[in-house]
Amino acid sequence: MLRFTVQIDASAYRAAIVAGLPNWLTEPLRKVRETIISSLYEPKSGRPGPFRRRSARGEAPASQTKRLERSISQPAMIGATRAEMRIAAPYAAFLNDPAVLDRPFVEPAIERTLPTIGPAGRI
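If you're wondering where the values come from, they're calculated on a predicted model, not measured in any experiment.

Observations concerning the pattern of salt bridges
If you walk through the whole model with that rule in mind, you get 3 salt bridges. Across the pair R112 and E42 runs a salt bridge, and its minimum N-O distance is 3.1 Å. Residue R112 is located in helix 4 (residues 106-117), and its partner E42 is located in the loop between helix 1 (10-40) and helix 2 (67-70); the two are separated by 70 residues in the primary sequence. On the basis of relative accessibility, which here comes to 31%, the residue E42 falls in the partly exposed class. Taking the shortest distance from any N to any O, the salt bridge between E84 and R86 comes out at 2.4 Å. With relative accessibility at 25%, the residue E84 sits in the partly exposed group.

Written out as structure tokens, the structure is:
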């Protein structure tokens, strides 16, 4: 009979986990950010705008000035176990709210991204 044993130093194992944690946490948010930005440039069915066709209700907003795109931060670690991404444009919440402007772009991006994250991913 052959038996193989591998022993891992516990402190080195913890350090390796902690070192990889930032990428594990920020990568899903990077994918959501990329999905949001690409949705701003998908074809829209609203009326013509000054630069390109505007979005209709239920569609992600059309990028006219790139202000919304530029306001989406890169994912950043908050503490040791959390990461966040911010959308700083003051009108982002109004765009996303179905009762106000109904131009959803955050939730659809999360829904489109979740299958690519794997079973351990949560946003």
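There's more to say after this.
Looking at the confidence of the model for the protein
Of all residues in the protein, 87% have pLDDT values of 70 or greater, and the mean over the chain is 83. The element-level mean pLDDT for the protein is lowest in helix 1, coming to 82, with helix 2 highest at 95.

So, the layout of surface pockets
When its volume is computed, the second largest pocket comes out at roughly 250 Å³. Around the second largest pocket, the lining comprises 16 residues; the ones closest to its centre are S55, P61, A62, Q64 and L95. For the lining of the second largest pocket, the per-class residue count stands at 7 nonpolar, 4 polar and 5 charged.

Things to note about a nonpolar patch on the surface
Where nonpolar side chains cluster on the molecular surface, the patch consists of F94, V100 and L101 and spans about 250 Å² of accessible area. Summarising the element assignment, F94 is placed in helix 3 (residues 92-96).

Concerning a positive patch on the surface
Residues R52, K66, R67 and R70 make up a contiguous surface patch of positive charge. Tracing the backbone shows R52 in the loop between helix 1 and helix 2.

Here's the deal with unusual backbone geometry
Notably, K66 is not glycine yet its phi reads approximately 70 degrees, a positive angle. Note that K66 resides in the loop between helix 1 and helix 2. For K66, a relative accessible area of 42% gives the class partly exposed. Located in the positive-phi region is D102, a residue other than glycine, with phi close to 55 degrees.

Quick look at the side chain of D102
Turning to its location among the elements, D102 is positioned in the loop between helix 3 and helix 4. One buried charge, D102, has no salt-bridge partner; the nearest side chain with opposite charge is R57, at 4.1 Å. The contacts of D102, once residues within four sequence positions are left out, are A56, R57, G58, E59, F94, L95 and D97.

Section: the environment of S71
Among the structural elements, S71 can be located in the loop between helix 2 and strand 1 (76-78). Taking the C-alpha atoms as reference, S71 lies 5.4 Å from I87; in sequence the two are 16 residues apart. Leave out the neighbours within four places in its chain, and S71 touches R86, I87, A88 and A89.

What counts, and at which threshold
Residues numbered from 1 in each chain as written. Predicted model: local features only at pLDDT ≥ 70, side-chain atom pairs only at ≥ 80, totals over all residues. Heavy atoms only, no water. Salt bridge = Lys/Arg side-chain N within 4 Å of Asp/Glu carboxyl O. Helix = DSSP H or I, 4+ residues; strand = E, 2+ residues; numbered from the N terminus. Buried < 20%, exposed > 50% of the residue type's maximum accessible area, 1.4 Å probe, protein only. pLDDT = per-residue confidence, 0-100. 1 Å grid on protein atoms, 1.4 Å probe; cavity = no way out; pocket = protein on both sides within 12 Å on 5 of 7 lines; lining within 4 Å. Points joined across faces, edges and corners; volume = space filled by probe spheres on them. Nonpolar A, V, L, I, M, F, W, Y, C, P; charged D, E, K, R; others polar. Patch = residues over 30% accessible without salt bridge, like charges linked within 9 Å, V, L, I, M, F, W, Y side chains within 5 Å. Areas by Shrake-Rupley, 256 points an atom, 1.4 Å probe, with all protein chains shown as cover. Lys, Arg positive; Asp, Glu negative; His and termini not counted. Charge placed at Lys NZ, Arg CZ, Asp CG, Glu CD. Contact = heavy atoms within 4.5 Å.

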